[in-house]
Amino acid sequence: MTFSEEVIGWYEEHGRQLPWRGISNAYYIWLSEIILQQTRIEQGRSYYERFISTYPAVQDLAAAGEEQVLKTWQGLGYYSRARNLHAAARHIVDNLDGRFPDTYEGILALKGVGRYTAAAIASFAYKLPYPVIDGNVYRLVSRCFGIVTPIGTNAAYNEFEALLLRLMDKERPDVFNQAMMDFGSMQCRPFNVRDRLPAQTTGCGQCVLAHRCIAFREGKVGLLPVKSSAVPVKKRYFYYIDIRWQEKDTEWLLAHRRADDDIWRGLYEVPLLELRQPLPESDADSRLRRHIEAICGRQADTMEVHPPLVHKLTHRDIVAVYVVARIAAPPLRVDPSLRALPLSEWGRLPVSRLMERLFSKR
Ligand code: SF4
(Lines give C-alpha, C1' and ligand atoms only; values in the text may rest on other atoms or scores of the structure.)
Protein backbone atom coordinates (compact mmCIF):
# COMPACT_ATOMS: atom_id res chain seq x y z
CA MET A 1 0.00 0.00 0.00
CA THR A 2 1.15 3.53 -0.67
CA PHE A 3 1.40 6.21 2.01
CA SER A 4 -1.67 7.91 0.55
CA GLU A 5 -3.72 4.69 0.58
CA GLU A 6 -2.82 4.03 4.20
CA VAL A 7 -3.74 7.53 5.36
CA ILE A 8 -6.98 7.59 3.35
CA GLY A 9 -7.86 4.08 4.56
CA TRP A 10 -7.48 5.26 8.16
CA TYR A 11 -9.52 8.40 7.38
CA GLU A 12 -12.41 6.45 5.88
CA GLU A 13 -12.74 4.63 9.18
CA HIS A 14 -11.90 7.36 11.69
CA GLY A 15 -12.23 10.76 9.95
CA ARG A 16 -14.45 13.49 11.39
CA GLN A 17 -17.80 14.36 9.89
CA LEU A 18 -17.89 18.13 9.63
CA PRO A 19 -20.53 20.36 8.04
CA TRP A 20 -18.04 21.95 5.61
CA ARG A 21 -16.79 18.59 4.32
CA GLY A 22 -18.23 16.79 1.32
CA ILE A 23 -19.53 20.07 -0.14
CA SER A 24 -18.23 21.97 -3.14
CA ASN A 25 -19.54 25.46 -2.33
CA ALA A 26 -16.28 27.43 -2.37
CA TYR A 27 -17.85 30.33 -0.46
CA TYR A 28 -18.87 28.05 2.45
CA ILE A 29 -15.50 26.32 2.43
CA TRP A 30 -13.75 29.69 2.47
CA LEU A 31 -15.87 30.80 5.46
CA SER A 32 -15.04 27.60 7.33
CA GLU A 33 -11.32 27.89 6.63
CA ILE A 34 -11.08 31.51 7.77
CA ILE A 35 -13.14 30.78 10.89
CA LEU A 36 -11.02 27.74 11.76
CA GLN A 37 -7.70 29.60 11.64
CA GLN A 38 -6.54 29.75 15.29
CA THR A 39 -9.90 28.34 16.43
CA ARG A 40 -10.89 24.96 17.83
CA ILE A 41 -13.28 22.94 15.65
CA GLU A 42 -16.00 22.80 18.34
CA GLN A 43 -16.01 26.57 18.67
CA GLY A 44 -15.65 27.16 14.93
CA ARG A 45 -18.64 24.99 14.07
CA SER A 46 -21.20 27.30 15.73
CA TYR A 47 -19.66 30.37 14.07
CA TYR A 48 -19.70 28.63 10.70
CA GLU A 49 -23.41 27.91 11.12
CA ARG A 50 -24.05 31.46 12.26
CA PHE A 51 -22.25 32.89 9.22
CA ILE A 52 -23.91 30.73 6.59
CA SER A 53 -27.35 31.41 8.04
CA THR A 54 -26.76 35.18 8.37
CA TYR A 55 -24.93 35.51 5.04
CA PRO A 56 -26.05 32.57 2.87
CA ALA A 57 -24.34 33.96 -0.24
CA VAL A 58 -21.22 36.03 -0.79
CA GLN A 59 -23.52 38.89 -1.89
CA ASP A 60 -25.13 38.91 1.57
CA LEU A 61 -21.75 39.19 3.27
CA ALA A 62 -20.67 41.96 0.88
CA ALA A 63 -23.88 43.91 1.51
CA ALA A 64 -23.52 43.84 5.31
CA GLY A 65 -21.91 46.71 7.19
CA GLU A 66 -18.50 46.16 8.75
CA GLU A 67 -19.89 46.61 12.25
CA GLN A 68 -22.49 43.93 11.63
CA VAL A 69 -19.84 41.49 10.38
CA LEU A 70 -17.63 42.22 13.40
CA LYS A 71 -20.61 41.61 15.67
CA THR A 72 -21.29 38.24 14.01
CA TRP A 73 -17.61 37.43 14.54
CA GLN A 74 -17.55 38.58 18.17
CA GLY A 75 -15.85 36.13 20.51
CA LEU A 76 -13.64 34.48 17.88
CA GLY A 77 -10.69 36.87 18.27
CA TYR A 78 -8.20 37.90 15.58
CA TYR A 79 -10.69 40.38 14.15
CA SER A 80 -8.56 41.15 11.11
CA ARG A 81 -9.89 37.83 9.78
CA ALA A 82 -13.45 39.20 9.83
CA ARG A 83 -12.42 42.48 8.23
CA ASN A 84 -10.51 40.64 5.49
CA LEU A 85 -13.44 38.30 4.91
CA HIS A 86 -15.72 41.27 4.46
CA ALA A 87 -13.29 43.13 2.16
CA ALA A 88 -12.77 40.01 0.03
CA ALA A 89 -16.55 39.45 -0.27
CA ARG A 90 -16.93 43.02 -1.53
CA HIS A 91 -14.08 42.49 -3.98
CA ILE A 92 -15.74 39.31 -5.33
CA VAL A 93 -19.06 41.10 -5.80
CA ASP A 94 -17.63 44.35 -7.19
CA ASN A 95 -14.86 42.99 -9.41
CA LEU A 96 -15.53 39.32 -10.09
CA ASP A 97 -19.25 39.43 -10.92
CA GLY A 98 -20.00 37.74 -7.60
CA ARG A 99 -18.23 34.55 -8.68
CA PHE A 100 -15.80 32.96 -6.27
CA PRO A 101 -12.38 32.48 -7.96
CA ASP A 102 -11.81 28.92 -9.15
CA THR A 103 -8.03 28.84 -9.53
CA TYR A 104 -5.39 28.55 -6.81
CA GLU A 105 -3.84 31.88 -7.85
CA GLY A 106 -7.24 33.61 -7.91
CA ILE A 107 -8.07 32.33 -4.43
CA LEU A 108 -4.63 33.26 -3.11
CA ALA A 109 -5.16 36.83 -4.34
CA LEU A 110 -8.12 37.31 -1.96
CA LYS A 111 -7.44 39.44 1.08
CA GLY A 112 -6.58 37.37 4.14
CA VAL A 113 -5.94 34.16 2.19
CA GLY A 114 -2.50 32.56 2.50
CA ARG A 115 -1.04 29.46 0.89
CA TYR A 116 -2.62 27.06 3.37
CA THR A 117 -6.15 28.47 2.95
CA ALA A 118 -5.83 28.74 -0.83
CA ALA A 119 -4.74 25.10 -1.03
CA ALA A 120 -7.62 24.01 1.21
CA ILE A 121 -10.27 25.83 -0.85
CA ALA A 122 -8.73 24.81 -4.20
CA SER A 123 -8.60 21.14 -3.25
CA PHE A 124 -11.89 20.87 -1.30
CA ALA A 125 -14.05 22.90 -3.68
CA TYR A 126 -12.40 22.24 -7.05
CA LYS A 127 -10.31 19.08 -6.46
CA LEU A 128 -7.13 20.88 -7.52
CA PRO A 129 -3.92 19.12 -6.42
CA TYR A 130 -2.57 21.54 -3.80
CA PRO A 131 -1.45 20.06 -0.47
CA VAL A 132 -2.61 21.74 2.73
CA ILE A 133 0.03 22.15 5.41
CA ASP A 134 -1.16 23.09 8.87
CA GLY A 135 0.49 22.34 12.22
CA ASN A 136 -0.98 18.84 12.28
CA VAL A 137 0.32 18.00 8.81
CA TYR A 138 3.76 19.39 9.68
CA ARG A 139 3.88 17.12 12.73
CA LEU A 140 2.80 14.00 10.88
CA VAL A 141 5.11 14.50 7.89
CA SER A 142 8.16 15.58 9.86
CA ARG A 143 7.89 12.50 12.07
CA CYS A 144 7.01 9.97 9.42
CA PHE A 145 9.81 11.12 7.08
CA GLY A 146 12.27 12.22 9.76
CA ILE A 147 12.45 15.84 8.53
CA VAL A 148 14.37 18.13 10.87
CA THR A 149 13.92 21.43 9.00
CA PRO A 150 12.44 23.94 11.49
CA ILE A 151 8.79 24.47 10.58
CA GLY A 152 6.99 27.79 10.22
CA THR A 153 9.28 29.23 7.54
CA ASN A 154 8.76 29.60 3.79
CA ALA A 155 11.64 27.23 3.14
CA ALA A 156 10.01 24.55 5.29
CA TYR A 157 6.66 25.08 3.60
CA ASN A 158 8.25 24.61 0.17
CA GLU A 159 10.06 21.45 1.26
CA PHE A 160 6.97 19.87 2.83
CA GLU A 161 4.79 20.93 -0.10
CA ALA A 162 7.12 19.28 -2.63
CA LEU A 163 7.10 16.02 -0.65
CA LEU A 164 3.31 16.07 -0.19
CA LEU A 165 2.79 16.67 -3.90
CA ARG A 166 4.65 13.45 -4.58
CA LEU A 167 2.63 11.55 -1.96
CA MET A 168 -0.79 12.98 -2.84
CA ASP A 169 -3.51 10.95 -4.52
CA LYS A 170 -4.05 13.33 -7.48
CA GLU A 171 -7.47 11.83 -8.19
CA ARG A 172 -8.65 12.71 -4.68
CA PRO A 173 -6.66 15.70 -3.42
CA ASP A 174 -9.60 16.79 -1.25
CA VAL A 175 -9.82 13.45 0.55
CA PHE A 176 -6.02 13.17 0.84
CA ASN A 177 -5.78 16.62 2.44
CA GLN A 178 -8.63 16.01 4.86
CA ALA A 179 -7.13 12.64 5.76
CA MET A 180 -3.74 14.21 6.46
CA MET A 181 -5.24 16.90 8.66
CA ASP A 182 -7.31 14.43 10.68
CA PHE A 183 -4.49 11.93 10.96
CA GLY A 184 -2.15 14.61 12.28
CA SER A 185 -4.71 15.94 14.70
CA MET A 186 -6.28 12.70 15.98
CA GLN A 187 -3.60 10.02 15.58
CA CYS A 188 -0.16 11.64 15.37
CA ARG A 189 -0.78 13.86 18.37
CA PRO A 190 1.63 16.28 20.04
CA PHE A 191 4.09 14.69 22.41
CA ASN A 192 3.01 15.24 25.99
CA VAL A 193 6.27 16.29 27.60
CA ARG A 194 4.92 16.02 31.14
CA ASP A 195 3.87 12.38 30.80
CA ARG A 196 6.87 11.30 28.71
CA LEU A 197 4.86 8.39 27.31
CA PRO A 198 5.06 8.96 23.56
CA ALA A 199 3.37 5.75 22.43
CA GLN A 200 0.27 6.43 24.54
CA THR A 201 0.08 10.18 24.14
CA THR A 202 0.82 10.38 20.43
CA GLY A 203 -1.08 7.34 19.18
CA CYS A 204 2.04 5.49 17.92
CA GLY A 205 0.89 2.32 19.68
CA GLN A 206 -1.93 1.73 17.17
CA CYS A 207 -0.64 3.59 14.12
CA VAL A 208 -1.01 2.25 10.57
CA LEU A 209 2.05 4.26 9.55
CA ALA A 210 4.31 2.95 12.33
CA HIS A 211 5.97 0.42 10.00
CA ARG A 212 7.28 3.27 7.82
CA CYS A 213 7.66 6.03 10.42
CA ILE A 214 11.26 7.16 10.85
CA ALA A 215 10.69 9.04 14.12
CA PHE A 216 8.99 5.99 15.66
CA ARG A 217 11.78 3.68 14.55
CA GLU A 218 14.51 5.99 15.81
CA GLY A 219 12.79 7.01 19.06
CA LYS A 220 12.53 10.67 17.98
CA VAL A 221 8.78 11.19 18.16
CA GLY A 222 9.11 13.69 21.00
CA LEU A 223 11.76 15.67 19.10
CA LEU A 224 9.75 16.35 15.94
CA PRO A 225 8.68 18.64 14.46
CA VAL A 226 11.53 21.06 15.10
CA LYS A 227 10.09 24.48 15.78
CA SER A 228 11.65 27.81 14.73
CA SER A 229 12.92 29.76 17.74
CA ALA A 230 10.04 31.26 19.60
CA VAL A 231 9.22 34.95 19.25
CA PRO A 232 9.42 36.60 22.70
CA VAL A 233 6.11 37.53 24.30
CA LYS A 234 5.63 41.27 24.92
CA LYS A 235 3.52 42.70 27.71
CA ARG A 236 1.13 45.62 27.34
CA TYR A 237 -0.61 47.30 30.27
CA PHE A 238 -4.19 48.42 29.64
CA TYR A 239 -6.24 50.43 32.12
CA TYR A 240 -9.84 50.52 30.94
CA ILE A 241 -11.71 53.44 32.48
CA ASP A 242 -15.45 52.83 32.44
CA ILE A 243 -17.05 56.18 33.28
CA ARG A 244 -20.76 56.01 34.18
CA TRP A 245 -23.45 58.50 35.06
CA GLN A 246 -27.22 58.54 35.42
CA GLU A 247 -29.63 60.83 33.60
CA LYS A 248 -33.23 60.30 34.62
CA ASP A 249 -33.81 56.55 34.15
CA THR A 250 -30.93 56.00 31.78
CA GLU A 251 -27.43 54.92 32.64
CA TRP A 252 -24.74 56.26 30.32
CA LEU A 253 -21.14 55.44 29.65
CA LEU A 254 -18.31 56.61 27.41
CA ALA A 255 -17.08 54.42 24.56
CA HIS A 256 -14.68 54.70 21.69
CA ARG A 257 -14.09 52.80 18.50
CA ARG A 258 -10.55 51.57 17.97
CA ALA A 259 -9.49 53.23 14.78
CA ASP A 260 -5.72 53.10 14.74
CA ASP A 261 -3.51 50.48 13.17
CA ASP A 262 -3.46 48.19 16.17
CA ILE A 263 -5.23 45.11 17.46
CA TRP A 264 -9.06 45.15 17.49
CA ARG A 265 -9.42 47.89 14.87
CA GLY A 266 -13.08 48.84 14.46
CA LEU A 267 -14.17 47.33 17.80
CA TYR A 268 -15.59 49.32 20.69
CA GLU A 269 -14.28 49.65 24.20
CA VAL A 270 -14.45 52.01 27.14
CA PRO A 271 -11.73 54.71 27.30
CA LEU A 272 -8.27 53.21 27.48
CA LEU A 273 -5.13 54.34 29.22
CA GLU A 274 -2.19 52.28 27.94
CA LEU A 275 1.08 52.36 29.85
CA ARG A 276 4.53 50.82 29.41
CA GLN A 277 4.62 49.70 33.04
CA PRO A 278 1.92 48.93 35.59
CA LEU A 279 1.00 51.87 37.80
CA PRO A 280 2.87 51.77 41.12
CA GLU A 281 0.42 50.96 43.90
CA SER A 282 1.25 54.11 45.86
CA ASP A 283 0.40 56.30 42.87
CA ALA A 284 -2.38 54.38 41.11
CA ASP A 285 -5.40 55.96 42.79
CA SER A 286 -4.38 59.58 42.17
CA ARG A 287 -3.16 58.88 38.59
CA LEU A 288 -6.44 57.21 37.67
CA ARG A 289 -8.52 59.97 39.23
CA ARG A 290 -6.55 62.63 37.35
CA HIS A 291 -7.05 60.70 34.13
CA ILE A 292 -10.80 60.45 34.68
CA GLU A 293 -11.02 64.19 35.20
CA ALA A 294 -8.98 64.78 32.04
CA ILE A 295 -11.37 62.60 30.03
CA CYS A 296 -14.69 64.07 31.17
CA GLY A 297 -13.99 67.25 33.11
CA ARG A 298 -15.50 65.83 36.30
CA GLN A 299 -14.11 64.16 39.37
CA ALA A 300 -15.14 60.59 40.10
CA ASP A 301 -17.62 60.25 42.96
CA THR A 302 -16.67 56.61 43.36
CA MET A 303 -13.96 54.55 41.75
CA GLU A 304 -13.65 50.78 41.82
CA VAL A 305 -10.41 49.19 40.58
CA HIS A 306 -10.69 45.50 39.66
CA PRO A 307 -7.72 43.11 39.95
CA PRO A 308 -5.60 42.73 36.79
CA LEU A 309 -6.57 40.10 34.27
CA VAL A 310 -4.04 38.65 31.81
CA HIS A 311 -5.35 38.20 28.27
CA LYS A 312 -3.08 36.16 26.01
CA LEU A 313 -2.71 36.94 22.33
CA THR A 314 -0.15 35.65 19.86
CA HIS A 315 3.25 37.01 20.94
CA ARG A 316 1.80 39.38 23.53
CA ASP A 317 0.11 39.38 26.90
CA ILE A 318 -2.31 42.15 27.74
CA VAL A 319 -2.44 42.89 31.44
CA ALA A 320 -5.80 44.61 31.81
CA VAL A 321 -7.19 46.47 34.79
CA TYR A 322 -10.84 47.50 34.72
CA VAL A 323 -11.75 50.69 36.53
CA VAL A 324 -15.37 51.69 37.05
CA ALA A 325 -15.88 55.34 37.93
CA ARG A 326 -19.16 57.10 38.66
CA ILE A 327 -19.61 60.78 38.02
CA ALA A 328 -22.49 62.81 39.47
CA ALA A 329 -23.66 64.38 36.20
CA PRO A 330 -22.96 64.19 32.46
CA PRO A 331 -19.37 64.96 31.41
CA LEU A 332 -18.48 68.64 31.10
CA ARG A 333 -16.42 67.83 28.03
CA VAL A 334 -15.78 64.71 25.99
CA ASP A 335 -12.78 64.08 23.79
CA PRO A 336 -13.91 63.86 20.10
CA SER A 337 -12.60 60.28 19.92
CA LEU A 338 -15.17 59.27 22.56
CA ARG A 339 -18.89 58.89 22.37
CA ALA A 340 -21.53 59.02 25.13
CA LEU A 341 -23.80 56.03 24.90
CA PRO A 342 -26.83 54.70 26.82
CA LEU A 343 -25.80 51.44 28.49
CA SER A 344 -28.65 49.64 26.68
CA GLU A 345 -26.87 50.23 23.34
CA TRP A 346 -23.59 48.68 24.42
CA GLY A 347 -24.70 45.10 23.70
CA ARG A 348 -25.25 45.91 20.03
CA LEU A 349 -21.66 47.00 19.45
CA PRO A 350 -18.85 44.66 18.40
CA VAL A 351 -16.28 44.34 21.19
CA SER A 352 -13.15 42.28 21.78
CA ARG A 353 -13.22 39.09 23.83
CA LEU A 354 -11.19 40.89 26.50
CA MET A 355 -13.71 43.74 26.69
CA GLU A 356 -16.50 41.19 26.91
CA ARG A 357 -14.76 39.41 29.80
CA LEU A 358 -14.01 42.60 31.70
CA PHE A 359 -17.45 44.04 31.17
CA SER A 360 -19.18 40.89 32.38
CA LYS A 361 -17.09 40.82 35.57
CA ARG A 362 -17.75 44.38 36.63
S1 SF4 B 1 4.06 6.07 14.43
FE2 SF4 B 1 3.65 7.73 15.85
S3 SF4 B 1 4.90 9.42 15.14
FE4 SF4 B 1 4.79 7.94 13.46
S5 SF4 B 1 3.07 8.63 12.23
FE6 SF4 B 1 2.28 7.14 13.66
S7 SF4 B 1 1.54 8.35 15.40
FE8 SF4 B 1 2.89 9.67 14.18
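What you see is a predicted model; the values in this text were computed from it and never measured.

Of regular secondary structure, the protein chain possesses 16 helices and eight strands. With respect to the three principal axes, the spread of C-alpha positions in the protein chain is 80 × 50 × 30 Å. Residues counted as buried form 49% of the 362 residues belonging to the protein chain. Here the contacts in the protein chain between residues at least 6 apart in sequence split such that 68% fall between residues at least 24 apart. Surface accessibility of the protein chain: about 18,000 Å² in total, with carbon and sulfur atoms responsible for 50%. With 48 positive and 42 negative side-chain charges, the protein chain shows a separation of 4 Å between the mean positions of the two kinds.

Attention shifts here to the site of the ligand. Surrounding the ligand, one finds 12 residues, the nearest of these being Arg143, Cys188, Cys204, Cys207 and Cys213. Looking at the shell around the ligand residue by residue, the classes come out as eight nonpolar, three polar and one charged.

Attention now moves to the domain arrangement of the protein chain. Structurally, the protein chain comprises domain 1 (3–223) and domain 2 (234–361). Contact residues are listed per partner, giving nine residues for domain 1 and 15 residues for domain 2. Across the domain 1 to domain 2 interface the summed buried area is about 1,000 Å²; carbon plus sulfur atoms make up 46%. Among the residues domain 1 hides against domain 2, the three largest losses belong to Glu67, Tyr79 and Arg83. Together they make up 45% of the total. In this assembly, domain 1 and domain 2 are joined by two salt bridges. Measuring nitrogen to oxygen at the nearest pair gives 3.8 Å for the salt bridge that ties Arg257 to Glu67. Our enumeration of links across domain 1 and domain 2 arrives at seven residue pairs in polar contact (both at pLDDT 80 or more). Residue contributions to the side of domain 1 that touches domain 2 peak at four residues, all from helix H5 (residues 66–73).

Another point: the packing of aromatic side chains. Applying the stated criterion to the full structure yields 15 aromatic pairs. Site record: aromatic cluster; members linked through ring pairs are Trp20, Tyr27, Tyr28, Trp30, Tyr48 and Phe100. Sitting over the face of the ring of Tyr47, Arg50 holds its NZ or CZ atom 4.4 Å from the ring centroid.

Turning our eyes to something else, we now look at helix H2 (residues 26–36). Of all 11 residues that make up H2, 11 are buried, and the element is covered over most of its length. Within H2, the full set of buried residues consists of Ala26, Tyr27, Tyr28, Ile29, Trp30, Leu31, Ser32, Glu33, Ile34, Ile35 and Leu36. Of the surrounding elements, those touching the buried residues of H2 are helix H3 (41–54), helix H4 (58–63), H5, helix H6 (80–95) and helix H8 (115–126). Near the N-terminus of H2, the side chain that reaches the backbone nitrogen of Tyr27, with its oxygen 3.0 Å away, is that of Asn25. Directly beyond the C-terminal end of H2, a positive phi value near 60 degrees is found at Gln38.

Turning our attention to unusual backbone geometry. Look at the link from Leu224 to Pro225: it is a cis peptide, with omega at 0 degrees. Phi at Asp97 is positive, roughly 55 degrees, even though this residue is not glycine. By the secondary structure assignment, Asp97 is in the loop between H6 and helix H7 (104–108). Here the phi dihedral of Lys248 falls at roughly 50 degrees; this positive angle occurs in a residue that is not glycine. Within the element layout of this structure, Lys248 appears in the loop between strand E1 (234–247) and strand E2 (250–257).

Cut-offs applied
Residues numbered from 1 in each chain as written. Predicted model: local features only at pLDDT ≥ 70, side-chain atom pairs only at ≥ 80, totals over all residues. Heavy atoms only, no water. Helix = DSSP H or I, 4+ residues; strand = E, 2+ residues; numbered from the N terminus. Buried < 20%, exposed > 50% of the residue type's maximum accessible area, 1.4 Å probe, protein only. Contact = heavy atoms within 4.5 Å. Areas by Shrake-Rupley, 256 points an atom, 1.4 Å probe, with all protein chains shown as cover. Lys, Arg positive; Asp, Glu negative; His and termini not counted. Charge placed at Lys NZ, Arg CZ, Asp CG, Glu CD. Near = heavy atom within 4 Å. Nonpolar A, V, L, I, M, F, W, Y, C, P; charged D, E, K, R; others polar. Domains from an automatic or database assignment. Buried area = accessible area lost by both parts, 1.4 Å probe. Salt bridge = Lys/Arg side-chain N within 4 Å of Asp/Glu carboxyl O. Polar contact = N/O pair within 3.5 Å; in protein donor to acceptor, adjacent residues only side chain to side chain. Phe/Tyr/Trp six-rings, centres within 6.5 Å; stacked < 30°, edge-to-face > 60°. Lys NZ or Arg CZ within 6 Å of the ring centre and 35° of its normal.

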